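# Structural features, examined
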Amino acid sequence: MAVDELQAIIQRCQVLEETDFKGEDFDLFQVAGQKCLEDGYAAQLLEVIQNEKNKVIVKNMGWNLISPLVRCIFMYKQEDDKREHCLKILDQLAQLCNPKELFLGLLEQIEQTSGEQACQIVMLLLQPLQTVLLKLQNKKAYSVGLSLAMIMNQLTPLPVPYTKQQIQEDKLGLCQCCNAVVDFAKPFVNEVVKNMEKSSEYNDMELKEELLKFCMKSLKYPLLIAQLEQLEGIEEHPFRHFATEIISILWNIGELMPLVFLHRKGKSPHWENQEFADIERKNSADSLACLSYLMFVQHFGIDCFPVVFSPSYLLQCNMMHIEVLLKRTEESMLSKGLDLFESCLLRMEDNSLLHQYLEFRDFINVPQDLVKVMTLCPIEHLRKKSLNILQLFIDKFDAEGKYTLFRCLLKTSNHAGVEGYIIKNIKDQVHLSLTKACDNIWFTGHHLISLLDLVLSLPEGAETDLLQNSDRIMASLNLLRYLVIKDCESDNQTGVWTTLAKIEQSFLKPLHVGLNMSKAHYEAEIKNKKENRREAHSSNTICSVTVSGEKMPAMTTEMQLQVLHSALFTFDLIESVLARVEELIEVKIKAVMDEN
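Residues numbered from 1 in each chain as written. Predicted model: local features only at pLDDT ≥ 70, side-chain atom pairs only at ≥ 80, totals over all residues. Heavy atoms only, no water.

You'll find the chain entered in an unreviewed UniProt entry as Glomulin, with Charadrius vociferus given as the organism.

## So, the pattern of salt bridges
Under the counting rule described, the total for this entry stands at 25 salt bridges. Lys140 is paired through a salt bridge with Glu191; the nearest N and O atoms lie 2.8 Å apart. Taken as a pair, Lys140 in helix α9 (residues 140–155) and Glu191 in helix α11 (residues 174–198) lie far apart in primary sequence, 51 residues in all. Assessed through its relative accessible area of 16%, Lys140 is described here as buried. The shortest N-O distance in the salt bridge between Arg328 and Glu330 comes to 3.3 Å. A residue is classified by how much of its surface remains accessible, and Arg328, at 17% relative accessible area, is buried. Take Glu330: its relative accessible area is 33%, and that puts it in the partly exposed class. Each of Lys220, Lys282, Asp286, Arg328 and Glu330 takes part in salt bridges that share partners, so that together they form one network. (Salt bridge = Lys/Arg side-chain N within 4 Å of Asp/Glu carboxyl O. Helix = DSSP H or I, 4+ residues; strand = E, 2+ residues; numbered from the N terminus. Buried < 20%, exposed > 50% of the residue type's maximum accessible area, 1.4 Å probe, protein only.)

## Let's talk about the environment of Pro367
Of note, Pro367 is situated in helix α18 (residues 361–376). The buried category is assigned to Pro367, whose relative accessible area is 0%. Through-space distance from the C-alpha of Pro367 to that of Phe393 is 8.2 Å; in sequence the pair is 26 residues apart. Those residues in contact with Pro367 that lie beyond four places of it in its chain are Asp362, Leu390, Phe393, Leu405 and Leu409. (Contact = heavy atoms within 4.5 Å.)

## Digging into the side chain of Gln429
Mapped onto the elements of the fold, Gln429 is located in helix α21 (residues 416–435). Look past the residues within four positions of Gln429 in its chain and what remains in contact with it is Lys402, Phe406 and Phe443.

## Regarding the packing of α18 against helix α20 (residues 399–412)
Their axes nearest at 11 Å, the elements α18 and α20 cross at an angle of 50 degrees. One way to sum up the angle between α18 and α20 is to call them oblique. Here α18 runs over α20; the crossing is right-handed. Residue-level inspection shows Ile364, Pro367, Gln368 and Val371 of α18 in contact with α20, the latter providing Leu405, Cys408, Leu409 and Thr412. Split by residue class, the contact of α18 with α20 holds six nonpolar, two polar and no charged. (Axes fitted to C-alpha atoms, helices over the stretch in contact; angles between N-to-C directions. Parallel < 35°, antiparallel > 145°, perpendicular 65-115°, else oblique. Left-handed = near helix turned anticlockwise from the far one by under 90°. Nonpolar A, V, L, I, M, F, W, Y, C, P; charged D, E, K, R; others polar.)

## Quick word on the packing of helix α5 (residues 66–75) against helix α8 (residues 118–135)
Contact geometry of α5 with α8 gives a least axis separation of 12 Å together with a crossing angle of 120 degrees. The way α5 lies across α8 gives a crossing that is right-handed. The segment α5 lies against α8, with Val70, Ile73 and Phe74 engaging Gln120, Ile121, Leu124 and Leu125. Looking at the contact of α5 with α8 residue by residue, the classes come out as six nonpolar, one polar and no charged.

## Description of the packing of aromatic side chains
Within the structure shown, the criterion is met by 14 aromatic pairs. Taken together, a centroid distance of 5.3 Å and an interplanar angle of 85 degrees make the contact between Phe296 and Phe305 edge-to-face. An identical accessibility class is assigned to Phe296 and Phe305; each is buried. Three or more aromatic residues joined by ring pairs form one cluster here, namely Phe341, Tyr357, Phe360, Phe363, Phe393 and Phe397. Lying over the aromatic face of Tyr293, Lys336 brings its terminal NZ or CZ to 5.5 Å of the ring centre. (Phe/Tyr/Trp six-rings, centres within 6.5 Å; stacked < 30°, edge-to-face > 60°. Lys NZ or Arg CZ within 6 Å of the ring centre and 35° of its normal.)

## Some points on the environment of Glu489
In this fold, Glu489 is placed in the loop between α23 (470–486) and α24 (500–535). The sequence separation of Glu489 and Lys588 amounts to 99 residues, and the corresponding C-alpha distance is 7.6 Å.

## Concerning the state of the cysteines
Two cysteines, two sulfur atoms, one covalent bond between them: this is a disulfide. All chains considered together, the criterion is met by zero disulfides. Its sulfur unpaired, Cys317 is 9.1 Å from the next cysteine sulfur, which belongs to Cys344. A relative accessible area of 11% places Cys317 in the buried class. (Disulfide = S-S within 2.5 Å.)

## Structural notes on the nonpolar core
Leu155, Leu294, Phe341, Ile426 and Leu511 are the most contacted members of the largest nonpolar core, which has 189 residues in total. Looking at this core, the element that brings in the most residues is α11, giving twelve residues. Setting aside its immediate chain neighbours within four residues, Leu155 contacts Cys119, Leu174, Cys177, Val181 and Tyr221. (Core = buried A, V, L, I, M, F, W, Y, C linked by side-chain atoms within 4.5 Å.)

## Concerning the confidence of the model for the chain
Note: predicted coordinates in regions of low pLDDT should not be interpreted at a detailed level. Per-residue confidence for the chain gives a mean pLDDT of 87; residues scoring 70 or more make up 90%. Ignoring residues within four places in sequence, the model shows residues 264–268, a span with pLDDT below 50, making 13 contacts including any to other chains. (pLDDT = per-residue confidence, 0-100.)

## Here's the deal with unusual backbone geometry
Trans peptide bonds make up most of the peptide bonds, and negative phi angles are found at most residues other than glycine. With an omega of 10 degrees, the peptide bond running from Tyr221 to Pro222 counts as cis. Turning to its location among the elements, Pro222 is positioned in helix α12 (residues 206–223). With a phi angle near 55 degrees, Lys139 is a residue other than glycine that sits in the positive phi range. Turning to its location among the elements, Lys139 is positioned in the loop between α8 and α9. We classify Lys139 as exposed; its relative accessible area is 66%. One non-glycine residue, Asp170, lies in positive phi territory at about 45 degrees. Among the secondary structure elements, Asp170 is positioned in the loop between α10 (164–169) and α11. Assessed through its relative accessible area of 14%, Asp170 is described here as buried.

What follows is the structure in structure tokens.
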């Protein structure tokens, strides 16, 4: 019997001094204890452990039972008495065993866990692990840090519940586990706080640094990935609660404001390997970006925030975080970046952001990243939101800032739709300059002429792909039409009449030639398709089309013809606006000549 074997080992060890225990005794105790657990004698094993006479034996050998104990706990059902006995044994071991040995035993169990049971095993071992850590005298900070790092490493591979249903189900127990880990850390946070209260010059930074590392890891996972909006039907959102607790820890240990404003990253290890150093820097950037989102969008910890900073300074502080988030492709991170950018911009008044801010690298990089989201992101609502935020960003700058931003985006966007949108904005600014009493030098005169050199041009002259650039060309023609109508040649406020000959040479004439070439090419294609259709056995001849490396649904000849006719319609539209512009120019010039 397993119990008899255990009793025999216990009786032999009871008469020995602690120093006389041999390796063989440890092995026999572990085997007999494990057999008791596996054979269903957990109650008898509990009695042995609770017996005061066996205190020294349990202190030295008890930690060996952790592994079989954890296995048996998960083997029994919740309501089983044997499971309850196993849990009591675990509690007793936490109280009686050598803290150092038990600490290593518990950590080994956490390290070995993976997959679907990870959260359950971590939650099971948190209480005994906390009990042991509170008993440790030497290397306590290091042990706390090691425990928290090990726990987070085991949780990180797990998928973060994102939808309302996933959060409510919490299939793997991640939501519950994250909040249990925060409770596990609280006694150590309180210890740091007490030490800080005792002395204003708190020198024992090790435990504080370990807690800071834990918070930084928690900001990256799960909070950066998690859905943090308040969800209807969920009274207490587990990740919102977790975020509140993390912010609270940072505030209590005096690290919240330094992280937000000084971008303090703690004592990062010095990596000789550059790849490791880059990973550390990226992780830190992700965590700080998430922290800013929590504070400025979700308003966690906002009560601690000093209300003395200007909206433009807050935008400046957050631009590096916005850039980090907008470079990501995951929906949860992209949406956080857009929300943070929008939140910062909505605090500002229109035309209040000084053009000097564009001297900061982030203020140039972020709108370029925003353009990439607008044009490349597969998620429609994020594309639409990024367009609205770009307009918001434009609106906040003073006139010189708008002018500089327009030049930058026209040169860097490489997307006809975006260029067309910027040109429309230029037209709006010119309109304001011509209709307002105050003179705006940035959208009239030589500054505007310099901008028109970028706008009223074809990238490859007459050979430019007019279909691909149709949005830009239509916006350019509409701007030119507006300038010709609104600005009299005698006033020439915009300077367009001075540079008209150049515009005709570099834009209007090549556009005429390009239109003639394009129309002739597409008309010939339509003729060929119609002839091929007559010759083919069926009008449903299939054509495959590849876009960006992806094969699109097959096109019949009829569908191809529709596309070609649509292209011709676009060319007719451009041609009609071009003709109207040239007619307006001719009428205006003739009127001036008649007047003279």
